[in-house]
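Chains, contacts and geometry: an overview
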Amino acid sequence: MKICVLVKEVPDAAVQKRIDPSTGRMDRSGEKNLNPYDTHAIEAAMQIKEGGAVEVEEIVAVSMGPESAIRALHKAVSLGADRSVHLSDDALAGSDVAATGYALSKALEKESPDLVLLGQQSDDGECYTIGAVMADHLQMPSLTQVIKMDVDGEALRCERQAEYGYDTVQVRFPAVISVGDAINEPRYPSLKAIMGAKKKPLDKLAASDAGIEPDRVGADNARANCTEFKEPPAKAAGQMIEDEDTNDTVEKILAWLDERKLLA
């Protein structure tokens with residue numbers, strides 16, 4: 001079995017996210033990291049490999065992004081991936097979700113994976129849909145919000161979160177699975193793995209290498225256009241009550257709640 005895990009480079013969680021008004025796209029300057037949701041997908045792949053229910057020949061980390069995305073791939077390799085694939089081309093810049101899913105599916109076609117894993121969302125765009133878009137192009141079954149996976153012969157028995165509770169679904173290989181962050185606790189990379197990550201094989205693909213049609217990707221061919229952005233309204237400052245006298249503090253809290261008719 002070959003498992004491909006999709007990973008993405010995203011702005012660091014501590015960096016305030018903003019839109020570049022000149023491009024209408026997220027400003028991705030500054031510190032960047034591997035999308036934290038994707039670490040759960042890597043861990044899920046490693047648990048399948050180490051579980052022994054099926055022989056996993058290799059785990060391949062795949063990313064689409066600028067040159068700096070190589071760092072996210074190195075992190076993925078340090079977490080257990082055997083090698084990585086970097087799809088990068090100026091023609092891909094500004095691609096929307098539909099174009100990104102198409103481009104990634106073309107890169108995955110070259111790998112012919114039995115299983116594609118990815119995090120339920122990215123920490124920047126948070127669109128949740130990239131797995132389903134890719135699965136449609138690859139003509140593979142797709143599951144989202146999966147929080148438990150067990151290999152069952154030539155299929156996966158998955159438990160997924162739903163609005164009304166949980167679904168248990170069996171899906172045959174090949175398949176595309178978006179995992180939720182409740183599925184596992186990602187491991188920490190060892191120092192040896194971190195140091196050796198840059199020596200692992202990394203294949204670079206341009207759009208033409210993957211057979212991507214140029215009129216289906218890039219900002220000029222995006223199906224969605226954002227025309228206006230506004231900062232969220234500033235929150236009013238909260239009211240601080242100093243606890244100098246407990247009885248007085250309780251009275252103040254009760255008065256505050258009663259004023260807003262929050263007491264039964």
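Let me begin by describing the structure that accompanies this report. Sequence order as written defines residue numbering, which begins from 1 separately in each chain. Where totals are concerned, whole chains, interfaces and linings use all residues; where local detail is concerned, this predicted model gives features only for residues with pLDDT of at least 70, and gives and counts side-chain atom pairs only at 80 or more. Only hydrogens and water are removed before side-chain values are computed, so all heavy atoms of the structure are retained for them.

**What to know about the packing of aromatic side chains**
Condition: Two rings from Phe, Tyr or Trp (for Trp, the six-membered ring) form a pair when their centres sit within 6.5 Å of each other. Planes less than 30 degrees apart are called stacked, planes more than 60 degrees apart edge-to-face, and all others tilted. Geometrically, a charge over a ring is one whose NZ (Lys) or CZ (Arg) sits within 6 Å of the ring centre while staying within 35 degrees of the ring normal.
Taken as a whole and judged by the stated rule, the model has 0 aromatic pairs. If you follow R216 out to its NZ or CZ, it ends over the ring of Y102, 3.9 Å from the centre.

**Details of a nonpolar patch on the surface**
Selection criterion: To count toward a patch, a residue needs a relative accessible area above 30% and no salt bridge. Like charges then connect within 9 Å, nonpolar side chains (Val, Leu, Ile, Met, Phe, Trp, Tyr) within 5 Å. Areas reported as accessible are Shrake-Rupley estimates using a 1.4 Å probe. Residue values count occlusion only from the protein chains shown. The salt bridge definition used is simple: a Lys or Arg side-chain nitrogen within 4 Å of an Asp or Glu carboxyl oxygen. Using a 1.4 Å probe on the protein chains alone, a residue whose accessible area is under 20% of its type maximum counts as buried, one over 50% counts as exposed, and one in between counts as partly exposed.
Taken together, the side chains of V250, L254 and L263 define a hydrophobic patch exposed on the protein surface, amounting to about 230 Å² of accessible area. When its relative accessible area of 39% is taken as the criterion, L254 is described as partly exposed.

**Focus: the nonpolar core**
Spelled out, the test is: For our purposes a nonpolar core is just a set of buried Ala, Val, Leu, Ile, Met, Phe, Trp, Tyr and Cys residues, chained together by side-chain atoms within 4.5 Å. Only DSSP runs of H or I reaching four residues or more are called helices, and only runs of E reaching two or more are called strands; each is numbered from the N terminus. By the convention used here, residues are in contact when the closest approach between their heavy atoms is within 4.5 Å.
By size, the foremost hydrophobic cluster in this structure holds 35 residues, and its most contacted members are I3, V5, L115, L117, M149 and I177. Sorting the residues of this core by element identifies β1 (2-6), α1 (36-51), β6 (58-64), α2 (70-78), β8 (115-119), β9 (142-152), β10 (155-162) and β12 (175-179) as the ones contributing at least two each. At 6 residues, α1 tops the list of elements feeding residues into this core. The residues touching L117, leaving out its near neighbours within four places in the chain, are I3, C4, V5, L6, A41, A44, A45, M149, I177 and V179. With 27 residues, the next largest nonpolar core counts V62, L104, V176 and I212 among its residues.

**A word on the layout of surface pockets**
As a reminder, the rule being used: Detection works on a 1 Å grid of protein atoms alone, calling trapped sets that fit a 1.4 Å probe cavities and calling open sets with protein on both sides within 12 Å along at least five of seven lines pockets, with lining residues defined by an atom within 4 Å of a point. Grid points are joined across faces, edges and corners, and a volume is the space filled by probe spheres set on the points. Gly counts as polar in this scheme, as do all residues outside two lists: the nonpolar Ala, Val, Leu, Ile, Met, Phe, Trp, Tyr, Cys and Pro, and the charged Asp, Glu, Lys and Arg.
Of the pockets and cavities examined, the second largest pocket occupies roughly 250 Å³. As for the second largest pocket, its lining consists of 13 residues, of which N33, R71, A72, H74 and K75 are closest to the centre. Ranked by residues supplied to the lining of the second largest pocket, first place goes to α2 with 5 residues. A breakdown of the residues in the lining of the second largest pocket according to their chemical character gives 4 nonpolar, 3 polar and 6 charged.

**Observations concerning the sheet that holds strand β11 (residues 165-172)**
Short version of the rule: Following DSSP output, two strands are said to pair if at least two bridges run between them. Axis definition: a line fitted to C-alpha atoms, limited for helices to the stretch in contact. Angles are taken between N-to-C directions and run from 0 to 180 degrees.
Within the open sheet, the 9 strands sit side by side as β11-β10-β9-β12-β8-β1-β6-β7-β13. Their pairing is mixed. Where the open sheet ends on each side, the last strands, each with one partner, are β11 and β13 (202-205). When the angles between neighbouring strand axes are averaged without regard to direction, this sheet yields 30°. Strand direction decides the pairing type here: β10 and β11, joined by 8 bridges, are antiparallel. The partner of A155 across the bridge, within β11, is R172. Relative to β8, α1 is tilted by about 145°, and along the sheet it contacts β1, β6, β8, β9 and β12. Relative to the sheet, helix α3 (residues 97-111) contacts β1, β6, β7 (83-87), β8 and β13, its axis offset from that of β6 by approximately 150°.

**Considerations on the pattern of salt bridges**
Tallied over the entire structure, the rule returns 15 salt bridges. A salt bridge links R71 to E9, with the shortest nitrogen-to-oxygen separation between them at 3.6 Å. With R71 in helix α2 and E9 in strand β2 (residues 9-11), this residue pair connects regions lying 62 residues apart in the sequence. Linking K204 and E67 is a salt bridge whose minimum nitrogen-to-oxygen distance equals 3.2 Å. Taken together, the residues span a long stretch of sequence, with K204 in strand β13 and E67 in the loop between β6 and α2 at a distance of 137 residues. Through salt bridges with shared partners, one network takes in K2, E58, R83, E111 and D203.

**Observations concerning helix α6 (residues 246-259)**
So the rule is basically this: Take the residue count of a helix, subtract one, and multiply by 1.5 Å to get its expected span. Contacts described as polar in this section are N or O atom pairs within 3.5 Å, which, within protein, must combine one atom able to donate a hydrogen with one able to accept it, while residues neighboring in sequence count only if both atoms come from side chains.
Relative to the 20 Å expected for 14 residues at 1.5 Å per residue, α6 spans 20 Å between its end C-alpha atoms, a close match to the ideal helical length. In this structure D245 caps α6, since a side-chain oxygen of it lies 3.2 Å from the backbone nitrogen of N247. Just past α6, the residue K261 takes up positive phi, approximately 55°.

**Regarding helix α4 (residues 130-138)**
Each α-helix turn comprises 3.6 residues. Residues three or four places apart therefore point the same way. Just so we agree on the cut-off: The arc under discussion is defined with respect to the helix axis, by the directions toward the C-beta atoms.
All of the buried residues in α4 are I130, G131, M134, A135 and L138. Buried residues of α4 fall within an arc of 130° about the axis and therefore sit on the same side. Looking at the buried side of α4, the elements it contacts are β1, α3, β8, β9 and β12. Directly beyond the C-terminal end of α4, a positive phi value near 60° is found at Q139.

Geometric values such as these leave the question of function open.
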